Amino acid sequence: MKLGSHPRLYIGSSDLARLQRRPGSPFLKIANAWVVKNAAKWSQMPPLTFNLYTHNSFLVRAREVQDRILALLARWQQTADSRYREAAINYIRMIGDWECWSWITWRKGDYRPAAIFDLSYGENSATLALAYDLLHDTLSAGEKKLFLDIASGRALASGAVHCRPGASWWFGAAGSNWNTVCAGGLGMLCLAMYDDLPAARRILPWVEKSFVPYMRHLDETGGGWPEGTGYWNYGMSYAFMYLMSWENSAGRRHPLMQLKGVRKTMEFPLDFTPNGQACGFGDSNSWTPLPFHYAAARRLRAGSALQRIDAWLCRRPEDSCSGGWAPAVGWLLFHDDRLDAGRKSALPGAKLYGGLDWAVLSDGRPEPALFASVRGGTTKVSHGHCDLFSFNLVVNGERLVANEGNAEYLDTTFSPRRFDLPDINAQFKNTIFINGVGVFDGASLDSTRIFNRPGLSGVRLEGSGAIGPTRDGGQSAKFCGRLALMLKGRAFLVIDRVVTAHPARIETRLHTHAEVRRQSRGACLRGKHANLRLAFAASVPGLLARAMTAPTTPTAEPAQMLRWCTRALHTDMVLVTLAVPGAAPASVAVQQSGRALAIAVKARQLAMRLEVSEKLEVLNVG
């Protein structure tokens, strides 16, 4: 394969030319000021600030050095001041001098360069590749040798061992960010040094093979990502950096960039972050747009995603310097400085990422005043929690009801004891409990379906085996289902029905960091910017109890827990939860008659009556 001239990776000559303009948009002014300030500081080679005593500290170190090198090279492009160039090369020399690249093998005392190829190797390889590509035409013989020696002795030596089937668990992994971070960083290095090192030419075909299942997996999930929004940013950043680098290098389109799911995935993290509020599931439930996303959406002509990213940057310009992986530099390189935050397409009432089975319910506005995300699918995914059936709820731009998650990574987080942590198991999730226990590790729901009709949208979830076995080995539930409904964009209604073979107690939980005020037949949540009225009903006598979470990280703020429970044991139980924006009175009632449920909802400017089947199918609306 014949490749183009340098720079040939995803940062091309036209992108470098943008560094010479005078930023006009507020967010680019912030980004440029960040680069100017930090490049000046880092040109003096101050000590690294990463904390050795933290999870995967060598990966944190790799990112810090990547930030410094890219900022220095951006400033060198802007000013032609050689001190920035020299400092960048000194940081490359630092990477080569590190005795060990992997925190995992460092903990074992194994410093062999080819002992592993992990995330740190992938990120260091990408840093080495970008610096070599951007500096290539100016490198002296000695400087070029420095780069090639580090690549040959460390990155490519390890990549040749581990980037092949059966050699590493991440090779060809369809649902793990490790695949694209490791293979993508290595692939960028192979492209950058393709003409100079035979090993690069030998390894590149294996990188391509590893990528195929990962990218094709997006066709199976409609663009959704099982690891959630935070890991979408991580895995997709290296996926698209590599794929766009390949296209720039080869001068033609990469086949994987033409998959339908690849274009659809541009919307996924935006759909689960309404008004900037993280509403995904699992580890790292946070998200902010990154420059690679903008560049990839532009390449894929995903206009809606571009508009939504621009709307975010208009609303929160300071985010141009957050999110990791040198974002300030990336925005200066890739954004055309013409913000398009005008007319944005609205979400449908209900949208499902089939195959992943994550759904959103919205009032239909581009920036919804009432929004819910609902979790179906399976817990058998990387970085997953026991949060099936659960939901998050945003009111007027404030997340008032949300699952609690893990505030930090500890040794237990990825150990056999992972699901003993209450932040990860079902205990801190807005889900269903039978006899005190919720969804178990390894559980899957039987089905997740959505529907849209005038004034009513919904998500129906069924998973009778998701709670696990009883003491005698049978299923805890003969039927376990949840119906989540958006009522005319004005209220959110949850109907849970559980049928058991033996008398049982069920409950549903809500977690909030808002002020909770108990009121007659419900509660009112008072947040910083919004209020939410809650009303409850049950087909059997019920009890609203309160509790407080105890996060594993003691500095994390505990949440208040509302527990809507049956007072006694029954075999057929329906629990209903109504959530209405505002503090005005609201009520809900349920009556079970034969094989149908009658649900009556009353709130300000809303009165509805629904008839629902025993399988939680909507029959009539009035």
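Throughout this description, residue numbers start from 1 for each chain and increase along the sequence as written. Predicted model: local features are reported for residues with pLDDT of at least 70 only, side-chain atom pairs are reported and counted for 80 or more only, and whole-chain, interface and lining totals are derived from all residues. Side-chain measures were taken over the full set of non-hydrogen atoms in the model, leaving aside hydrogen atoms and water.

1. Description of the overall build of the chain
- In DSSP terms, a helix is any run of H or I states spanning at least four residues, a strand is any run of E spanning at least two, and both are numbered starting from the N terminus. Of the regular secondary structure elements, the chain holds 15 helices and 21 strands.
- The globule rule used here is 2.2 Å times the number of residues to the 0.38 power, and the radius of gyration it is set against is calculated over C-alpha atoms. Here the C-alpha radius of gyration of the chain, 26 Å, is about what a compact globule of 622 residues would show, namely 25 Å.
- Across its three principal directions, the C-alpha atoms of the chain cover 85 × 55 × 45 Å.
- Each residue's exposure class comes from its accessible area (1.4 Å probe, protein chains only) as a fraction of the maximum for that residue type: buried when under 20%, exposed when over 50%, partly exposed otherwise. Counting every position in the chain, which comprises 622 residues, the buried fraction comes to 59%.
- Contact criterion: two residues are considered in contact whenever any of their non-hydrogen atoms come within 4.5 Å of each other. Put simply, of all contacts in the chain between residues at least 6 apart along the chain, 68% involve residues at least 24 apart.
- Summed over its atoms, the accessible surface of the chain is roughly 23,600 Å², and 50% of this surface lies on carbon and sulfur atoms. What sets the accessible areas is the Shrake-Rupley method with a 1.4 Å probe; for residues, cover comes only from the shown protein chains.

2. Digging into the packing of helix α2 (residues 26–42) against helix α3 (residues 57–79)
- Remark: α2 packs on α3, axes separated minimally by 9 Å, with the N-to-C direction vectors making an angle of 105°. Between α2 and α3, the interaxial angle falls into the category roughly perpendicular. On α3, the residues touching Asn 32, Trp 34, Val 35, Val 36, Ala 39 and Trp 42 of α2 are Asp 67, Arg 68, Ala 71, Leu 72, Ala 74, Arg 75 and Gln 78.
- In terms of residue class, the contact of α2 with α3 is built from 8 nonpolar, 2 polar and 3 charged. Inter-axis angles, ranging from 0 to 180 degrees, are taken between N-to-C directions of lines fitted to C-alpha atoms, where helices are fitted over the stretch in contact. Any angle that falls under 35 degrees is termed roughly parallel, while one over 145 is termed roughly antiparallel, one within 65 to 115 roughly perpendicular, and all others oblique. As a working rule, the residues Ala, Val, Leu, Ile, Met, Phe, Trp, Tyr, Cys and Pro are called nonpolar, Asp, Glu, Lys and Arg charged, and the rest polar, with Gly in that last group.

3. Here's the deal with the pattern of salt bridges
- Each salt bridge in this description consists of a side-chain nitrogen of Lys or Arg and a carboxyl oxygen of Asp or Glu lying within 4 Å of one another. With the rule as written, the count across this model stands at 29 salt bridges.
- Among the ionic pairs, Glu 247 bridges to Arg 299, the shortest N-O distance being 2.7 Å. Of this pair, Glu 247 sits in helix α10 (residues 229–250) while Arg 299 sits in helix α13 (residues 291–300), and the two are 52 residues apart along the sequence.
- Here Glu 247 falls in the buried class, since its relative accessible area comes to 10%.
- Sharing partners across several salt bridges, the network here consists of Glu 267, Asp 271, Arg 308 and Lys 351.

4. Examining the packing of α3 against helix α4 (residues 82–97)
- Interaxial distance between α3 and α4 falls to 8 Å at its minimum, and their mutual angle equals 155°. Classified by the angle their axes make, α3 and α4 are roughly antiparallel. Considering the relative orientation of α3 and α4, their crossing is left-handed. Across the interface between the two elements, Val 65, Arg 68, Ile 69, Leu 72, Leu 73, Arg 75, Trp 76 and Thr 79 from α3 touch Tyr 84, Arg 85, Ala 87, Ala 88, Tyr 91, Ile 92, Met 94 and Ile 95 from α4.
- A class-by-class count of the residues in the contact of α3 with α4 yields 12 nonpolar, 1 polar and 3 charged. Helix crossings get a hand from a simple test, with the near helix turned counterclockwise from the far one by less than a right angle marking a left-handed crossing and a clockwise turn marking a right-handed one.

5. Section: the sheet that holds strand β13 (residues 522–526)
- Any two strands between which DSSP finds at least two bridges are classified as paired. One open sheet accounts for 8 strands, arranged β7-β8-β9-β10-β17-β14-β13-β12; its pairing is antiparallel. Strand pairing shows two members of the sheet lacking a second neighbour, β7 (447–453) and β12 (515–519), which therefore form its edges. Averaged over all pairs of adjacent strands, the angle between strand axes in this sheet comes to 15°, irrespective of strand direction.
- In terms of strand pairing, strand β9 (residues 479–487) meets strand β10 (residues 491–504) through 9 bridges, oriented antiparallel. Counted as the bridge partner of Met 486 is Phe 492 from β10.

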